[in-house]
Amino acid sequence: MCINSAALEELVFAVPTGELWKLLTYKEKGLIKANSDVLNRIVQHGLFRKRSELEEDPSFKQIIPYAVISNKESFYLFTRTSGQTEKRLHNKLHLGAGGHMNPGSSKEPGEQYLINELKREFFEEVKLLNGCLIEDIEFIGFINDDSISVGRVHIGLLYDIHVSNKNVVINETDKMSANWIDKTDLVEYYEEMETWTKIAVDYYIK
């Protein structure tokens, strides 16, 4: 197993795969469009289980908020390092801030729970300085990739977090680094990107 024991013991949010595909149009690999009503229904079908029970069980999909960070025509591109928990993703480039969702302290229902967990993960990974503010959080769709092992047990909620300036810095510098890249230059990094970021670029950013 590639993931440390502490991470495996955490409770994470997941949905039975069969229920998920009753709510969404199945696509083996790509971006699946949906709306707030679908998000609310998915939260209703969700449950919390130990990550150790889910990492190799494709009968459940762990729901992962995955937010690109944008400022006008630029995007914040992360590089994962060997300090990352998930060894399958070491040294990959990615645009997504986010991660597993845990039981929240807030009682907000439906999509608001997803937004709260997205913000929690966002601020664990980055901090905003010098007047940088979140201007908008836009839901784009679901990222799915059943062609790889890690993808068969996860599905991404693609959001675009629009920030007011580029004063964004990494919190966990032992796990990743990042730089702003203009939209037109992302193609230069495409081959080193992890699969979900490639899907975000192909179906949303291009």
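Just above, that's the structure.
Described in the following lines is the structure provided in the data block. (Residues numbered from 1 in each chain as written. Predicted model: local features only at pLDDT ≥ 70, side-chain atom pairs only at ≥ 80, totals over all residues. Heavy atoms only, no water.)

Those residues of helix α3 (residues 36-45) that fall on the buried side of the exposure criterion are V38, L39, I42 and V43. One side of α3 carries all its buried residues, which in axial view fall inside an arc of 140 degrees. The backbone nitrogen of D37 has a side-chain oxygen 3.1 Å away, supplied by the residue at the start of α3, namely N35. (Buried < 20%, exposed > 50% of the residue type's maximum accessible area, 1.4 Å probe, protein only. Helix = DSSP H or I, 4+ residues; strand = E, 2+ residues; numbered from the N terminus. Arc of directions from axis to C-beta. Polar contact = N/O pair within 3.5 Å; in protein donor to acceptor, adjacent residues only side chain to side chain.)

The next point concerns the pattern of salt bridges. Taken as a whole, this structure holds twelve salt bridges when the rule is applied. Residue D146 pairs with K61 through a salt bridge whose shortest N-O separation is 2.6 Å. Taken together, the positions of D146 in the loop between β8 (134-145) and α6 (149-152) and K61 in strand β4 (residues 60-71) put the pair 85 residues apart, joining distant regions of the chain. For the pair shown, D146 and K61 are each scored as buried. Linking E117 and R120 is a salt bridge whose minimum nitrogen-to-oxygen distance equals 2.6 Å. Note that E117 and R120 are positioned in helix α5 (residues 110-125) at a spacing of three residues, about one turn of the helix. Taking the relative accessible area as the measure of exposure, E117 reaches 6% and is therefore buried. Relative accessible area serves as the criterion here: at 26%, R120 is assigned to the partly exposed category. The structure contains a network of salt bridges with shared partners spanning E117, R120, E121 and E124. (Salt bridge = Lys/Arg side-chain N within 4 Å of Asp/Glu carboxyl O.)

With that out of the way, let us pick up the nonpolar core. Membership of the largest hydrophobic core comes to 38 residues, with the highest contact counts inside it found for L24, I69, Y76, F78, F142 and Y159. Excluding its chain neighbours within four sequence positions, the residues that come into contact with Y159 are L39, Y66, A67, V68, E111, L114, I115, L118, I137, E138, F139 and I140. Formed by 20 residues, the second largest nonpolar core is a distinct cluster that contains L31, L77, L93 and M193. (Core = buried A, V, L, I, M, F, W, Y, C linked by side-chain atoms within 4.5 Å. Contact = heavy atoms within 4.5 Å.)

It is worth spelling out the packing of aromatic side chains at this point. Applying the stated rule across the entire model yields ten aromatic pairs. Ring centres of F48 and Y113 lie 6.3 Å apart, and the angle between their planes is 90 degrees; on these two criteria the pair is classed as edge-to-face. Of this pair, F48 sits in strand β3 (residues 47-50) while Y113 sits in helix α5, and the two are 65 residues apart along the sequence. Among the residues examined, F48 registers a relative accessible area of 35% and is labelled partly exposed. Every member of this aromatic cluster is reached through a ring pair, and the members are F13, F48 and Y113. The ring of Y190 is capped by K206, whose NZ or CZ atom sits 5.7 Å from the centre of that ring. (Phe/Tyr/Trp six-rings, centres within 6.5 Å; stacked < 30°, edge-to-face > 60°. Lys NZ or Arg CZ within 6 Å of the ring centre and 35° of its normal.)

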